[in-house]
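# Observations on the model geometry
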6 protein chains.
Amino acid sequence: MKILVINPNSARAVTDGIATALAPLGDHFRVCDLADQPATIATEEDVARAGLGVADLVRQQEALAYVTACFSDPGLDLARSLTRRPVIGIQEAGILTALARADRFGIVALGPKSVPRHLRKIRQMGVEARLAGELPLSGVSAEASGRDPAVYAEVLEAAARLRDMGAGAIVLGCAGMAPIRARLEAEIGVAIIDPVMAGAAMALGAVS
Amino acid sequence: MKILVINPNSARAVTDGIATALAPLGDHFRVCDLADQPATIATEEDVARAGLGVADLVRQQEALAYVTACFSDPGLDLARSLTRRPVIGIQEAGILTALARADRFGIVALGPKSVPRHLRKIRQMGVEARLAGELPLSGVSAEASGRDPAVYAEVLEAAARLRDMGAGAIVLGCAGMAPIRARLEAEIGVAIIDPVMAGAAMALGAVS
Amino acid sequence: MKILVINPNSARAVTDGIATALAPLGDHFRVCDLADQPATIATEEDVARAGLGVADLVRQQEALAYVTACFSDPGLDLARSLTRRPVIGIQEAGILTALARADRFGIVALGPKSVPRHLRKIRQMGVEARLAGELPLSGVSAEASGRDPAVYAEVLEAAARLRDMGAGAIVLGCAGMAPIRARLEAEIGVAIIDPVMAGAAMALGAVS
Amino acid sequence: MKILVINPNSARAVTDGIATALAPLGDHFRVCDLADQPATIATEEDVARAGLGVADLVRQQEALAYVTACFSDPGLDLARSLTRRPVIGIQEAGILTALARADRFGIVALGPKSVPRHLRKIRQMGVEARLAGELPLSGVSAEASGRDPAVYAEVLEAAARLRDMGAGAIVLGCAGMAPIRARLEAEIGVAIIDPVMAGAAMALGAVS
Amino acid sequence: MKILVINPNSARAVTDGIATALAPLGDHFRVCDLADQPATIATEEDVARAGLGVADLVRQQEALAYVTACFSDPGLDLARSLTRRPVIGIQEAGILTALARADRFGIVALGPKSVPRHLRKIRQMGVEARLAGELPLSGVSAEASGRDPAVYAEVLEAAARLRDMGAGAIVLGCAGMAPIRARLEAEIGVAIIDPVMAGAAMALGAVS
Amino acid sequence: MKILVINPNSARAVTDGIATALAPLGDHFRVCDLADQPATIATEEDVARAGLGVADLVRQQEALAYVTACFSDPGLDLARSLTRRPVIGIQEAGILTALARADRFGIVALGPKSVPRHLRKIRQMGVEARLAGELPLSGVSAEASGRDPAVYAEVLEAAARLRDMGAGAIVLGCAGMAPIRARLEAEIGVAIIDPVMAGAAMALGAVS
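The shown structure was predicted, so the numbers you read here are calculated from the model rather than taken from an experiment.

A tally of regular secondary structure across chain A gives nine helices and eight strands. In summary, chain A has a C-alpha radius of gyration of 15 Å against a globular reference of 17 Å for 208 residues, a match within 12%. Here chain A holds 208 residues, and 66% of them are scored as buried. A sequence separation of at least 24 residues applies to 69% of the contacts in chain A between residues at least 6 apart. Between the averaged position of the 21 positive side-chain charges in chain A and that of its 23 negative side-chain charges there is a distance of 4 Å.

Written as structure tokens, this is what we have:
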């Protein structure tokens, strides 16, 4: 059995990017997506429906552990109620990993509509005292967030501002952004956290 | 280069136990200890002196990342000021990993004197809203904490009480307790977090 | 147009009890339920599925305002994303109304499984500093919670303990408990909050 | 018996405005003012003296419930110590009602001197995590705040800024501002809370 | 000019006890009381009326600084609005001084009715994370609290319990308790804070 | 025996300035410095090494109480573990004294590198809700901070900004700044706190 990493959207490029990003951790992961969900989880309704899709998958497919690889953590509490295996949400894992790297953290979100949802979650997590800030991109797709040069320019500007606001570690607010992590870290000079890698590493620790 | 896991005490059995525990993660780690420190880091002064020992090591030995493998996180902020490589403290990593597994967490400490120090750190981390409780053992050594059957009985009782106080994940408050993690988890029925494994997995994610 | 009060379970007796309880506020409300949901919303999955049911109703039925009359606030954020009309969740309304009556509040939950979900929500609401405590009943149905004499004895005992823990106002943790509110308040001597009444009054204020 | 709404200043126009604003809720309220208090409660001393005036009234006049209709909540804790009937303060009710409408709230204050007093109260209420911001007008009277076109322009600008700071609901920081609520809500596009209506609705729910 | 220490009750024995307690600090203080107030400030109304008495005194008597020597801090914010001289409240000073001595603090209150008022204030002060607990005596007078052997036995028991609850420093919740401070500290073994001494020392620092 | 005020750096001018500043409190203090430490405690390593120096001194020299007169509070917890006498850290004392003077406080730091360390400490202290802001100077020495006219201009600008950010009391972030306190307070118009005076006054209260 492996750790099942669930991309809750249907963007195959994002799924493939996750698999590529996790390869250095070894042959511990199986990555899948939810074919009947949208290509980007953007609205409250997307999150609610993706959560039920994640739940169905957890019920159907046994795994050593589960990672829900969407930054809105769809279905996280629900999935935990359905299995005794570890279930890691990448928003939680990304933020918590940032907290292990620096005193205050920042988040780059795909668009303005995600920000209030993330802030609610951060308060639910009880870690708001360590938030330096969250800044949105202009509203881009999961796929574009890690591949489009124009989007990279937006990310770079947001990350620079978050660093100047005191963020010692910055969480990328989408599973699609893994391809730009290393370059961004080199250019910004503070820790840049890919939340899928953060979640996968935690899951690996949980089952080792 | 590897990830350097620093056991800041001089208990070789603890160092060996760490190496054994991390083996399933692959050949990424080198584990060392500080020969001129006490066998258990117990007092405020132990923590302060171990912190300088950790700093010296970080200055002298290049590594991909550093994990300070003592639950008082000696020298963590100091080490971070000396290198741009990731430095992970296992108290922080253990607690943060527990937060990725359940809503509220508990801690089993080696003895009563550690508890106030941990509570100060938890408040500094800004995560006190999620603490279900911390319970001390009777004041045992790092080595005994993972090997002595009488101590295991103490751990079992403390963990059961923490679970009943609402802890959905329990952090073992010493690097020496790795050998009892799996058995304890099976007997208690909630996630038991070995903080060294938590820190090592985070370090692995940070360098992958 | 009226204010639509949505009982997200299928217990007709609960729906009728809500209508009876709200009658003194005047002819401002229409109360409905979701026929395809379970009789009590108990599990995480119940909450997730009821949330989508609430969303469908909000999309289909225009109203002056909406009140989601289940103490897990299913679909609250989702419903708000679908309409510009006020949407009031009764868990939020009940707790916030308790805060307008006394310094610290308590909650009586239907059963132990609801408590962690409520605590997460209370932390998300940012009002945990004012929680005196939450105590569960033995796991009873929404309908029984307001009608069964044996359950009333449980409620009485929990409420008395919460009062002794410092709760100056106690929120009934289910829309089904309205019938016992007045009697309980007389016997306990602190404010007892029916969350449906709390939510309905807020909705009335919002549209007046 | 009715619900007694106490305007703790002597501005009859404010008292009349309150009565007008509450009329849609039905014939449940009696509105009075304190003839020997100033026309606007502005200083710390005004608040302290108005508090004793409120207390005297509560002692003298029996009512189903009491609403103290001044945004500094003068005499609130004192009045609660004198009666077992519900006593609702409009600052608390306004803020708590805003929290039932949106994730973060803002406040428009009559003038700069009120802001620190409000911030102390918000921290006492334990809800500061949800404050988007508070902005003062230039220091206007209770009466002018709801009637003077020049003041309305100030209110509009402050409310727009609060919305841009993330406030999803904005509380009007004076009982005199009821007449401009609906227009402001239409122009700003987020929920605008008249605190007197919020307190009256809560009181109505408490006695129904 | 001197520092004016205002005992807001009319218990001359308490006033004299304050003067005796402050003598070791040197000839910097003048101690007075409010002849028209009750012998113990116990109810919300006592606090409100004493606050106006304090305000009158501050307006009438110039001083280098003011210390309001009642643990309910009557009139503190009001007095600050009337003078630019430092105004120190002893509840605030006592608690803050305890925070400079130990990680968590406790309070011994004169009686159960004071506790909720103190808890509100502690939350307003924003220091609730460091409260180990507050325990009330049976409801004794300010004068008896520092002089009656039976009351001392109550204090001793409460202080011992607070120490066992984790309080590293304990604040005496009344200006009348100065005479028992040193003996209690010797018997309990943690720092015991006389709030009047704490406030007087802060005032002395402010004017030196 | 006297109260020992330990300047943990080797800047004799700072030590002399402390003695001068404390003279008005009377002949209660002995001021010393640590000759083998740097002239300014700036880096994490300076703080760690100074902490051990403070500990050695506390072990060697008996005193009525100890004040660690460096704004990073080096060795504070360690010193407390070595003696039952009061040990006061001036960062804690300065901040807590500011909280006794106004609702929100600000800090002027010697340089940008100190700010994150202070923010961690403020969160550990549990008083972050009352921080209006902290602003750094350009990175100046302890000695220059209270003596150099160009530095005074920097301090003045930072203090004015903190006042405008809502700070009602401003803490000088270095033991060397005592000489400019009174002038700054006169020019800025809010309470300016010299942390050494704050700590010394608390120590005096503790031993009187």
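On we go.
Laying chain A over chain B is done by rotating through 180 degrees and shifting 0.0 Å along the axis; what remains is an RMSD of 0.0 Å. Here the two chains are linked by the operation of a two-fold rotation axis. Of the residues that chain A buries at the interface, 100% are likewise interface residues in chain B, meaning the two copies contact each other through the same surface.

Mapping chain B onto chain F leaves a residual RMSD of 0.0 Å; the transformation is a rotation of 180 degrees accompanied by 0.0 Å of translation along its axis. A shared interface surface links the copies, since 100% of the contact residues of chain B are contact residues in chain F too.

To continue, consider the domain arrangement of chain A. Residues and elements named next belong to chain A. Domain boundaries in chain A define domain 1 (3–89 + 197–207) and domain 2 (92–196). Distance from the C-alpha centre of domain 1 to the C-alpha centre of domain 2: 19 Å. Of the roughly 1,900 Å² buried between domain 1 and domain 2 on both sides combined, carbon and sulfur atoms contribute 57%. Between the two partners, domain 1 and domain 2, sit 16 residue pairs in polar contact (both at pLDDT 80 or more). Elements represented by at least two residues in the side of domain 1 that touches domain 2 include exactly helix H1 (12–22), helix H2 (44–60), helix H3 (76–80), strand E4 (87–89) and helix H9 (195–207). Split into classes, the residues belonging to the side of domain 1 that touches domain 2 amount to 18 nonpolar, seven polar and four charged.

This brings us to the interface of chain B and chain F. Tallying the contact residues gives 16 residues for chain B and 16 residues for chain F. Summing both sides of the interface, chain B and chain F together bury roughly 1,500 Å²; the carbon and sulfur share of this comes to 53%. Viewed at the interface, chain F and chain B are joined by six salt bridges. One salt bridge in this structure joins Arg49 of chain F and Asp56 of chain B, with 4.0 Å as the shortest N-O distance.

Turning next to the pattern of salt bridges. Scanning the entire structure with this criterion turns up 98 salt bridges over all chains. Two residues, Arg163 of chain F and Asp164 of chain F, come together in a salt bridge whose shortest N-O distance is 3.2 Å. Through salt bridges with shared partners, one network takes in Glu44, Arg117 and Arg120 of chain A together with Asp77 of chain C.

Listed by partner, the interface residues are 25 residues for chain A and 25 residues for chain B. Around 2,400 Å² of area is buried between chain A and chain B when both sides are counted, 57% of it from carbon and sulfur atoms. When the buried area of chain A at its contact with chain B is split by residue, Ala100, Arg101 and Ser208 of chain A rank highest and sum to 22% of it. At the junction of chain A with chain B, the criterion picks out zero salt bridges. Taken together, the elements giving at least two residues each to the side of chain A that touches chain B come down to E4, helix H4 (90–99) and H9 of chain A. The leading source of residues in the side of chain A that touches chain B is H9 of chain A, at six residues. Looking at the side of chain A that touches chain B residue by residue, the classes come out as 15 nonpolar, five polar and five charged.

Of note, the phi angle at Asp73 of chain B is positive, near 50 degrees, even though the residue is not glycine. For Asp73 of chain B, the location among the structural elements is in the loop between strand E3 (65–68) and helix H3 (76–82).

All names here are of chain D. Along helix H8 (residues 181–188), the residues that are buried comprise Arg181, Leu184 and Ile188. Buried positions in H8, seen along its axis, are confined to an arc of 65 degrees and lie on one side of it. In H8, the exposed residues that point more than 90 degrees away from the buried face are Ala182, Arg183 and Ala186. Of the surrounding secondary structure, the elements contacted by the buried residues of H8 are helix H7 (149–164), strand E7 (169–172) and strand E8 (191–193).

On to the arrangement of the chains. At the C-alpha level, the nearest point of chain B lies 13 Å from chain D, with no contact between them. Note that chain A does not reach chain E: the shortest distance linking a C-alpha of one to a C-alpha of the other is 13 Å.

All right, on to the sheet that holds strand E4 (residues 87–89) of chain C then. Working definition: the strands of a sheet are paired by backbone hydrogen bonds and lie parallel or antiparallel to each other. All names here are of chain C. An order of E2-E1-E3-E4 is seen for the four strands of this open sheet, with the pairing classed as parallel. This sheet does not close on itself; its edge strands, each paired only once, are strand E2 (29–33) and E4. Each strand of the sheet is rotated relative to its neighbour by a mean of 20 degrees, with strand direction disregarded. Pairing of strand E1 (residues 3–7) with strand E3 (residues 65–68) involves four bridges; the strand directions are parallel. What sits directly across from Ile6, in E3, is Thr68. Along the sheet face, helix H2 (residues 44–60) touches E1, E2 and E3 and points at about 155 degrees away from the line of E1.

Turning our eyes to something else, we now look at the sheet that holds strand E8 (residues 191–193) of chain B. Residue and element names in this part refer to chain B. Read across the open sheet, the four strands follow the order E6-E5-E7-E8; overall the sheet is parallel. Only two strands of the sheet have a single neighbouring strand rather than two, namely strand E6 (131–136) and E8. This sheet shows a mean twist of 20 degrees between the axes of neighbouring strands, independent of strand direction. In terms of strand pairing, strand E5 (residues 105–109) meets E6 through five bridges, oriented parallel.

Looking now at the packing of helix H4 (residues 90–99) of chain C against helix H4 (residues 90–99) of chain D. Two elements in contact, H4 of chain C and H4 of chain D, have axes separated by 9 Å at closest approach and are oriented at 165 degrees. On the basis of their axis angle, the class for H4 of chain C and H4 of chain D is roughly antiparallel. Relative to H4 of chain D, the crossing made by H4 of chain C is right-handed. From H4 of chain C, Glu92, Leu96 and Leu99 of chain C reach across to H4 of chain D, where they touch Glu92, Leu96 and Leu99 of chain D. For the contact of H4 of chain C with H4 of chain D, the per-class residue count stands at four nonpolar, no polar and two charged.

A word on the environment of Ala69 of chain B. Residue and element names in this part refer to chain B. Its location among the elements puts Ala69 in the loop between E3 and H3. In this structure Ala69 comes out as buried when scored by relative accessible area, which is 1%. C-alpha of Ala69 to C-alpha of Pro195: the two residues are 126 residues apart in sequence and 8.0 Å apart in space. For Ala69, the residues in contact, after removing those within four places along its chain, are Val5, Ile6, Asn7, Pro8, Ile18, Ile90, Ala175 and Val196.

It is the contact of helix H5 (residues 114–125) of chain A with helix H5 (residues 114–125) of chain C, at a shortest axis distance of 7 Å, that shows an interaxial angle of 115 degrees. At the point where H5 of chain A passes H5 of chain C, the crossing takes the right-handed sense. In this structure, H5 of chain A uses Arg120, Arg123, Gln124 and Met125 of chain A to contact H5 of chain C, whose residues at the interface are Arg120, Arg123, Gln124 and Met125 of chain C. Taken together, the residues of the contact of H5 of chain A with H5 of chain C sort by class into two nonpolar, two polar and four charged.

What counts, and at which threshold
Per chain, residue numbering runs from 1 following the sequence as it is written. As a convention, the first chain written is A and the first ligand written is 1, with the rest following in written order. The predicted nature of this model means local features are confined to residues of pLDDT at least 70 and side-chain atom pairs, given and counted, to a pLDDT of 80 or more, with totals for whole chains, interfaces and linings taken over all residues. Remark: hydrogens and water are excluded; side-chain values derive from all non-hydrogen atoms of the structure. To qualify as a helix, a DSSP run of H or I must reach at least 4 residues; to qualify as a strand, a run of E must reach at least 2; elements of each kind are numbered from the N terminus. Here the radius of gyration uses the C-alpha set of atoms, whereas the globule reference equals 2.2 Å times the residue count to the power 0.38. Note on exposure labels: buried denotes an accessible area under 20% of the residue type's maximum, exposed denotes more than 50%, and partly exposed covers the range between, all computed with a 1.4 Å probe on protein chains only. The contact rule is simple, with two residues in contact once any of their heavy atoms fall within 4.5 Å. Asp and Glu are treated as the negative residues and Lys and Arg as the positive ones, with His and the ends of the chain left uncounted. Taken as the charge location is NZ of Lys, CZ of Arg, CG of Asp or CD of Glu. To line up the copies, we fit them by least squares on C-alpha atoms, keeping just the residues with pLDDT of at least 70 in both. How far each domain reaches was decided by an automatic or database domain assignment. Joining two parts hides part of their accessible area as seen by a 1.4 Å probe, and the buried area is that hidden amount summed over both. Think of a polar contact as two N or O atoms within 3.5 Å of one another; within protein, one of them needs to be a possible hydrogen donor and the other a possible acceptor, and neighboring residues in sequence only count if both atoms come from side chains. Amino acid classes used here: Ala, Val, Leu, Ile, Met, Phe, Trp, Tyr, Cys and Pro are nonpolar; Asp, Glu, Lys and Arg are charged; the rest, including Gly, are polar. We define a salt bridge as a contact between a side-chain nitrogen of Lys or Arg and a carboxyl oxygen of Asp or Glu at a distance within 4 Å. Starting at the helix axis, one direction is taken to each C-beta atom, and the arc is that of these directions. Should DSSP find at least two bridges between two strands, the strands are taken to pair. Every axis corresponds to a line fitted to the C-alpha atoms, with the helix fit spanning only the stretch in contact, and the corresponding angles, defined between N-to-C directions, vary from 0 to 180 degrees. Orientation is classified from the angle alone, with under 35 degrees giving roughly parallel, over 145 giving roughly antiparallel, 65 to 115 giving roughly perpendicular, and any other angle giving oblique. Handedness of a crossing is defined here by the sense of rotation of the near helix relative to the far one, left-handed for an anticlockwise turn of less than a right angle and right-handed for a clockwise turn.

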